[in-house]
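# A structural walkthrough
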Amino acid sequence: MQLGFLGAAREVTGSCFLVETADTRFLVDCGMVQGGREAPARNRKPFGFDPRSIDFVLLTHAHIDHSGLLPKLTRQGFAGPIYCTSATADLLEVMLPDSAHIQEGDVGRAKRNNKSAHDRGAASTPLYTMQDARDCLRQVRPIAYDQELTPHPAVRCRFRDAGHILGSAIIEAWVSEHGQTTKLVFSGDLGQPGRPILRDPTPIEEADILLMESTYGDRTHKDLAATKDELIGIVERTLHEQGGNVIVPAFAVGRTQEILYHLHRLTCEGRLRDLKVFVDSPMATEATRITREHLELFDTQARQLQQWHAQGKHQPYLRFTASVEESKALNQIRAGAIIISASGMCNAGRIRHHLRHNLPRRECSVLITGFQAQGTLGRRLVDGAKRVRLFGEDVPVRAAIHTVGGLSAHADQRALLEWAAQFRRPPQQTFIVHGEATAASALAERLRARHGWAVTVPEPGSRITWPVEEKART
């Protein structure tokens, strides 16, 4: 058996892993690279395999850095099933067409700006179209959590709750070859335990090979109580003392819903007051609707808050904007608004317009709640940029930039180590993925020191053969 690290090796995005045996070839995830000027070109590079040779895909969750190249895969000849949880299947119905809309829009803008074909380069045609996304969705096959699946006679697998976003999964896969069965576990993205809305990540007891995420493998989040205090302080100071707005770049799936949860619950508890909250993201609106349709995946606190919401108790003012005109009107609000908008890394979407109007204002705040990849506008803000480029203009950064790591959907180093400690015996080999090199290396070192595990941080594009020959081990 061979295992290929075709994406998310020594970086966070672009998740894609290839498993090959004498009998089958399948992928776990097929995600888009996000962040940095080189990302579009990287997403257009040919796959490191023939898409027609892939038997099936196992998808950990709906975020675009895990799912975003599926329409490209099907467009280039992959005809097999794409297995994922039911909630992930629902989210893909929104996210893949939205991604295709962005691809088509980027090309359209380049053409309208009369750039030459040479200047547009690979962007002269979309990476994939809305029709490609719709065609891809026909190949999605939803599977319930904890239900055993046999996608191929030599493979059986199971999706376990990862607690990251709605529908996110840890994938257990048993792969048989030459009379030997190897158990692989793909952690996907793991959620932070004890956080609201979703259940905690499922403990896994054993694996021969483990691929484990490390987005926050080198740091620890604030606890939830301290995070709430920080959030309250930012909102109260900005809205009621300084007379500004709070701008929240948030991923449409996951972060938006958790931020709404906290704002609603803190209002119910009397710790926040007079809130006017605007969600300016059509995809986030749809994702919130889908979230409400999957109450069976909520934790106890979230179900209680949903009941309060249904009864109309203690609700802050909340409005979901749909049209471009409504979105533009938000930029006329000078004070008292919390505007939540995508994209979460500020590289696209309506959030860029809200930043353009509010970054120059000292009385405003920008609340960063999720991971910001290298090369993104969000990362430049977090790193303290004094000026940023938006719509061809230099925009001064006078607003306060607040990074609230405790609102992240990713497990921190402590939670990752605690999840790993629940294995009854060490995996024969652990590969640390889904993290920048420093974070991945830090987590690898802690796993070696704390648990005595055999741990590797694979190189991008590398492949390993299993079982490893004794010479290769040394």
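Above this text you will find the structure in question.
Residues numbered from 1 in each chain as written. Predicted model: local features only at pLDDT ≥ 70, side-chain atom pairs only at ≥ 80, totals over all residues. Heavy atoms only, no water.

### What about helix α7 (residues 224-241)?
For clarity, the threshold we go by: We count a stretch as a helix when DSSP gives it H or I for four or more residues in a row; a strand needs E for two or more, and each element gets its number in order from the N terminus. By this rule, a helix spans an expected 1.5 Å times one less than how many residues it contains. Burial classes: relative accessible area under 20% of the type maximum marks a residue as buried, over 50% as exposed, and values in between as partly exposed (1.4 Å probe, protein chains only). Distance and chemistry together define a polar contact, namely a pair of N or O atoms within 3.5 Å, with one atom able to donate a hydrogen and the other to accept it when in protein, and with adjacent residues in sequence counting only for side-chain atoms on both sides.
With 18 residues, α7 extends 24 Å from end C-alpha to end C-alpha; this agrees with the ideal 26 Å at 1.5 Å per step. Taken as a whole, α7 has its buried residues at Leu224, Thr227, Lys228, Leu231, Ile232, Ile234, Val235, Glu236, Thr238 and Leu239. Measuring from the side-chain oxygen of the N-cap residue of α7 to the backbone nitrogen of Ala225 gives 3.3 Å; that N-cap residue is Asp223. Note on α7: the residue one or two positions beyond its end, Gly243, has a positive phi of about 70 degrees.

### Quick word on the packing of aromatic side chains
Pairs of aromatic rings are described using the distance from one ring centre to the other and the angle between the two planes. For clarity, the cut-off: Note on ring pairs: Phe, Tyr and Trp rings are taken, using the six-membered ring of Trp, and paired if centres are within 6.5 Å. Classes follow the plane angle, with under 30 degrees stacked, over 60 edge-to-face and the rest tilted.
Applying the stated criterion across every chain yields a total of ten aromatic pairs. Relative to Phe17, the ring of Phe5 has its centre 6.1 Å away and its plane inclined at 80 degrees; by these criteria the two rings are edge-to-face. A residue pair is termed long-range when its members are at least 10 positions apart, and Phe5 in strand β1 (residues 2-7) and Phe17 in strand β2 (residues 16-20) qualify at twelve residues. Exposure remark for Phe5: the relative accessible area of 0% places this residue in the buried category. Phe17 sits in the buried class, given a relative accessible area of 2%. With a centroid separation of 6.0 Å and 85 degrees between ring planes, the pair formed by Tyr216 and Phe371 is classed as edge-to-face. Here Phe371 lies in the loop between β16 (365-368) and α13 (377-382) and Tyr216 lies in the loop between β11 (209-213) and α7, a separation of 155 residues in the sequence. Side by side, Tyr216 and Phe371 carry an identical accessibility label, which is buried.

### A closer look at the state of the cysteines
Heads up, the condition is: In this description, a disulfide is simply a cysteine sulfur pair whose atoms lie within 2.5 Å.
In total, this model carries zero disulfides according to the counting rule given. The cysteine Cys84 is free of any disulfide, with Cys136 supplying the nearest cysteine sulfur at 9.8 Å. The cysteine Cys346 is free of any disulfide, with Cys364 supplying the nearest cysteine sulfur at 15 Å. The class of Cys346 is buried, set by a relative accessible area of 0%.

### Observations concerning the packing of helix α8 (residues 255-268) against helix α9 (residues 282-292)
Note the cut-off: Convention adopted: a line fitted to C-alpha atoms gives each axis, helices being fitted over their contacting stretch, and angles between N-to-C directions are expressed from 0 to 180 degrees. To sort the angles, those under 35 degrees are grouped as roughly parallel, those over 145 as roughly antiparallel, those from 65 to 115 as roughly perpendicular, and the leftovers as oblique. Residue contacts are defined here by distance: any two heavy atoms, one from each residue, within 4.5 Å place the two residues in contact. Here the nonpolar group is Ala, Val, Leu, Ile, Met, Phe, Trp, Tyr, Cys and Pro; Asp, Glu, Lys and Arg are the charged ones; every other residue, Gly included, is treated as polar.
At a minimum axis distance of 9 Å, the contact between α8 and α9 shows a crossing angle of 70 degrees. Viewed along their axes, α8 and α9 adopt a mutual orientation that is roughly perpendicular. Here α8 contributes Thr256, Gln257 and Leu260 to the contact with α9, which in turn contributes Ala284, Ala287, Thr288 and Thr291. For the contact of α8 with α9, the class distribution of residues is three nonpolar, four polar and no charged.

### Concerning unusual backbone geometry
Here Ala342 and Ser343 are connected by a cis peptide whose omega angle stands at 10 degrees. Positionally, Ser343 belongs in the loop between β15 (338-341) and α12 (351-358). Following Trp466, the chain continues into Pro467 via a peptide bond in cis, with omega recorded as 0 degrees. Tracing the chain through its elements places Pro467 in the loop between β22 (463-465) and α16 (470-473).

### So, the environment of Ala287
Considering the arrangement of structural elements, one finds Ala287 in helix α9. For Ala287, a relative accessible area of 1% translates into the label buried. Residues Ala287 and Glu93, spaced 194 residues apart in sequence, show a C-alpha to C-alpha distance of 10.0 Å. Filtering out sequence-adjacent residues up to four positions away, Ala287 remains in contact with Leu91, Ala252, Val253 and Gln257.

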